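Each chain, written out:
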There are 2 protein chains.
Amino acid sequence: MRDLKQFYFFENLDDEQLALLSSFSNKKHFEKGSILFYEKDEAKSLILLIEGVLKVYKTDQKNNEIIMHRFMPISLVAEMAVLEGILYPASAAFESAGVVIEIDFERFKKEFLHNPQMALLFFKSLSKKIKYLEDVIALNIVLDSTARLAKYIFDKEDALNTLKQYQVAEHLHMTPETLSRTFKKLVILELLEKDSNGYKIKNKEGLRVLFE
Amino acid sequence: MRDLKQFYFFENLDDEQLALLSSFSNKKHFEKGSILFYEKDEAKSLILLIEGVLKVYKTDQKNNEIIMHRFMPISLVAEMAVLEGILYPASAAFESAGVVIEIDFERFKKEFLHNPQMALLFFKSLSKKIKYLEDVIALNIVLDSTARLAKYIFDKEDALNTLKQYQVAEHLHMTPETLSRTFKKLVILELLEKDSNGYKIKNKEGLRVLFE
DNA sequence: CTGGCATCTTGATATAAATCACAACTACTT
DNA sequence: AAGTAGTTGTGATTTATATCAAGATGCCAG
């Protein structure tokens, strides 16, 4: 119940509502690499990611993973499947240890959907995701790899060295080799510098020029 | 009011509710090329596209248009801005004559958000858009231009020659030159044939092989 | 029907990024 | 401390697609 409250989604619920919600919610822990759901599994619950990094991906015929979405806490994951009552269109796996809360959707619908405040929160969560996807499109289809990396660094200044480079490469839809070369290029341009902890921004406005 | 009812979104409303909704809704007609809203305009209404083709785009420093989204009827457009109460993050223009219904969001929120059925419809509409965007990502980032065109043709068999080729090229994020060459390739592979009305599918399952 | 503008096609060239191959570095594990 | 697996860096090569430049086709207006 405390876990539910920490999620901005539910912060406006009173204790009674929270207790009700807890009665059909379920907290689960996962290890790095474990699968949250597989493509074509049935979707019965709303899933809130509250800890860890979760990737949603498909595999093509050559067994390449296509990462559709990478979720950080706190997010609502793959709500489409539950809302539409269809099977999961992709698989989800943890890239770190993680924790989720599963909320039984039938009960949720019955008990909470009439609450306008709740509905509005839900809308916002979805539209946030829409914005995220639109950004992914703008980032990946329009910009070249240097610009993509520059924008990525610019946006995540603080969290710059939290992902492995090959994960960043996946996220930016380029190969690790290209990423490595692109980092080097930005160092040569004196926009970044590299020390024992990884890369650090040296000239933030210079980065901006590359993608705007 | 009849216009509202035709939108699947509202088909479950009774007459009283529809009348109420009409009282703060507004139907507007637009000519080809006209602007529905500009980037940084204030968003006060929900916008339903009920006729025509609407593009949502940004322009970069070189004045290239980046098309974020192309809407066909019947869609809910750019709801994020209203939901979050922020300025439009992109501009929208009609590529054909068009009709929209604008619904005052404040009133909508007050009158309808407590209706669970309505809320659920709203959710579905948003999640439909999420799915669309995920498809755009899967289509454009992962597939090469031949596969993109094959999938496009496969999905729109009937509406194959409704857009100009340069519009299709935009949609598939390739140049008209590349599109032309790719069409030719598919004809050589005997998956398509070309007659006076344009291209026609000759081997549909053959097309599928290219993108699956 | 004819000139003129849009669009589409085709060819030649340039370029960004993927791929392939392997070397260098890092961080665990026993 | 050495060995192994996982990660990152580098060079050489290939590939897909964009770009540049012209020509061909279609299509409307007078």
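Residues numbered from 1 in each chain as written. Chains lettered and ligands numbered in written order. Predicted model: local features only at pLDDT ≥ 70, side-chain atom pairs only at ≥ 80, totals over all residues. Heavy atoms only, no water.

1. Section: the interface of chain B and chain A
To be explicit about the condition: We call two residues in contact whenever any of their non-hydrogen atoms come within 4.5 Å of each other. A simple way to read buried area is as the amount of 1.4 Å-probe accessible surface that goes missing from two parts once joined, with both sides added. Salt bridge, as applied in this entry: a Lys or Arg side-chain nitrogen positioned within 4 Å of an Asp or Glu carboxyl oxygen. Each polar contact in these results corresponds to two N or O atoms within 3.5 Å; when the atoms are within protein, one needs to be able to donate a hydrogen and the other to accept it, and residues that are neighboring in sequence are counted only if both atoms are side-chain atoms. A run of H or I in DSSP counts as a helix once it spans at least four residues, and a run of E counts as a strand once it spans at least two, with each numbered from the N terminus.
Taken residue by residue, the interface counts 33 residues in chain B and 33 residues in chain A. Summed over both partners, the interface of chain B with chain A buries about 3,300 Å², with 80% contributed by carbon and sulfur atoms. For the pair chain B and chain A, the number of links is 0 salt bridges. Where chain B packs against chain A, one counts 0 residue pairs in polar contact (both at pLDDT 80 or more). The set of elements that each furnish at least two residues to the side of chain B that touches chain A consists of strand E5 (65–71), helix H3 (79–84), helix H4 (105–112) and helix H5 (116–142) of chain B. Of all the elements, H5(B) adds the most residues to the side of chain B that touches chain A, at 19 residues.

2. Considerations on the pattern of salt bridges
Residue and element names in this part refer to chain A. The line we're drawing: When accessible area is computed with a 1.4 Å probe and restricted to protein chains, residues below 20% of their type maximum are described as buried, those above 50% as exposed, and intermediate ones as partly exposed.
Considering all chains together, one arrives at 14 salt bridges over all chains under this definition. Glu 106 is the salt-bridge partner of Lys 109, the closest N and O atoms lying 3.6 Å from each other. Of this pair, Lys 109 and Glu 106 both sit in helix H4 (residues 105–112), 3 residues apart, which is roughly one turn of that helix. Overall, Lys 109 belongs to the partly exposed group, its relative accessible area being 29%.

3. Quick look at the sheet that holds strand E3 (residues 45–51) of chain A
Residues and elements named next belong to chain A. Stated formally: We call two strands paired when DSSP finds no fewer than two bridges between them. Lines fitted to the C-alpha atoms define the axes, with helices restricted to the stretch that makes contact. Angles between their N-to-C directions range from 0 to 180 degrees.
If you trace the 4 strands from one edge of the open sheet to the other, you get E1-E8-E3-E6, paired in antiparallel fashion. Looking at which strands have only one partner, the edges of the open sheet turn out to be strand E1 (25–30) and strand E6 (75–77). Strand after strand, the sheet turns through a mean of 30 degrees between neighbouring axes, direction not considered. Summarising the sheet, E3 and strand E8 (residues 98–104) pair through 6 bridges and their orientation is antiparallel. Note that in E8 the partner of Glu 51 across the bridge is Val 99. Contacts between H4 and the sheet are confined to E3 and E8, with E8 contributing the most and set at about 60 degrees to the helix.

4. Remarks on the packing of aromatic side chains
To keep things clear, this is the line we draw: The pairing test for Phe, Tyr and Trp rings, Trp by its six-membered ring, is centres within 6.5 Å, and the orientation test on the planes gives stacked under 30 degrees, edge-to-face over 60, and tilted for anything in between. Distance and angle both matter: a charge sits over a ring if NZ of Lys or CZ of Arg is within 6 Å of the ring centre and within 35 degrees of the ring normal.
Counted under the stated rule, the structure contains 10 aromatic pairs over all chains. With centroids separated by 4.0 Å and ring planes inclined at 5 degrees, the aromatic side chains of Phe183(A) and Tyr199(A) adopt a geometry described as stacked. With Phe183(A) in helix H8 (residues 176–188) and Tyr199(A) in strand E10 (residues 198–201), the pair connects residues that are 16 residues apart, well separated along the chain. In this structure Phe183(A) comes out as buried when scored by relative accessible area, which is 5%. It is Lys55(B) that lies over the ring of Tyr57(B); its NZ or CZ is 5.3 Å from the centre. Here the basic side chain of Lys204(B) rests over the ring of Phe154(B), its NZ or CZ set 4.7 Å away from the ring centre.

5. Some details on the pairing of E8(A)
Residues and elements named next belong to chain A. For E8, the buried fraction is high: 6 of the 7 residues fall into the buried class. Pairing analysis gives 6 bridges linking E1 to E8, with the strands arranged antiparallel. Note on E8: the bridge partner recorded for Lys 28 is Val 100.

6. Here's the deal with the sheet that holds strand E7 (residues 91–94) of chain A
Residue and element names in this part refer to chain A. If you walk across this open sheet you meet the 4 strands as E2-E7-E4-E5, and the pairing is antiparallel. Two strands bound the open sheet, and with one partner strand each, they are strand E2 (35–37) and strand E5 (65–71). Averaged over neighbouring strand pairs, the angle between their axes works out to 30 degrees when direction is ignored.

7. Description of the protein's contact with DNA strand C
In plain terms, the rule: When we say a residue is near a molecule or strand, we mean one of its heavy atoms is within 4 Å of it.
Residues in close proximity to DNA strand C total 17 residues, the closest being Ser145(A), Thr178(A), Arg181(A), Gln165(B) and Arg181(B). When atoms of DNA strand C within 4 Å of the protein are sorted by moiety, sugar and phosphate together comprise 68%. Tyr166(B) places a main-chain nitrogen or oxygen 3.1 Å from a phosphate oxygen of DNA strand C. Note that a phosphate oxygen of DNA strand C is positioned 3.1 Å from one of the side-chain N or O atoms of Tyr199(B). Listing elements by their share of the surface near DNA strand C, those giving two or more residues are H8 of chain A together with helix H7 (165–171) and helix H8 (176–188) of chain B. It is H8(B) that provides the largest number of residues to the surface near DNA strand C, a total of 4 residues.

8. Focus on empty space enclosed by the protein
For the record, the criterion: Cavity and pocket criteria rest on a 1 Å grid covering protein atoms alone: a 1.4 Å probe that fits but cannot get out defines a cavity, protein on both sides within 12 Å along at least 5 of 7 lines defines an open pocket, and an atom within 4 Å of a point defines a lining residue. Grid points are joined across faces, edges and corners, and a volume is the space filled by probe spheres set on the points. Basically, the charged four are Asp, Glu, Lys and Arg, the nonpolar ten are Ala, Val, Leu, Ile, Met, Phe, Trp, Tyr, Cys and Pro, and anything else, Gly included, counts as polar. Domains are outlined according to an automatic or database domain assignment.
Under the definition given, this model contains 1 cavity of 30 Å³ or more. Of the pockets and cavities examined, the largest cavity occupies roughly 80 Å³. Around the largest cavity, the lining residues are Ile67(A), Met68(A), His69(A), Arg70(A), Tyr132(A), Val136(A), Glu170(A), His171(A), His173(A) and Ile137(B). Within the residue set of the lining of the largest cavity, elements represented by two or more residues are E5, helix H5 (116–142) and helix H7 (165–171) of chain A. When residues of the lining of the largest cavity are assigned to their parent elements, the largest contribution, 4 residues, is made by E5(A). Broken down by class, the residue content of the lining of the largest cavity amounts to 5 nonpolar, 3 polar and 2 charged. In terms of domain composition, the lining of the largest cavity takes at least three residues from each of domain 1 (2–131) and domain 2 (143–211) of chain A.

9. Overview of the side chain of Ser91(A)
All names here are of chain A. Mapped onto the secondary structure, Ser 91 falls in strand E7. Ser 91 sits in the buried class, given a relative accessible area of 9%. When neighbours within four sequence positions are excluded, Ser 91 is seen to be in contact with Phe 37, Tyr 38, Glu 39, Lys 55, Val 56 and Tyr 57.

Just distances and angles here, no functional claims.
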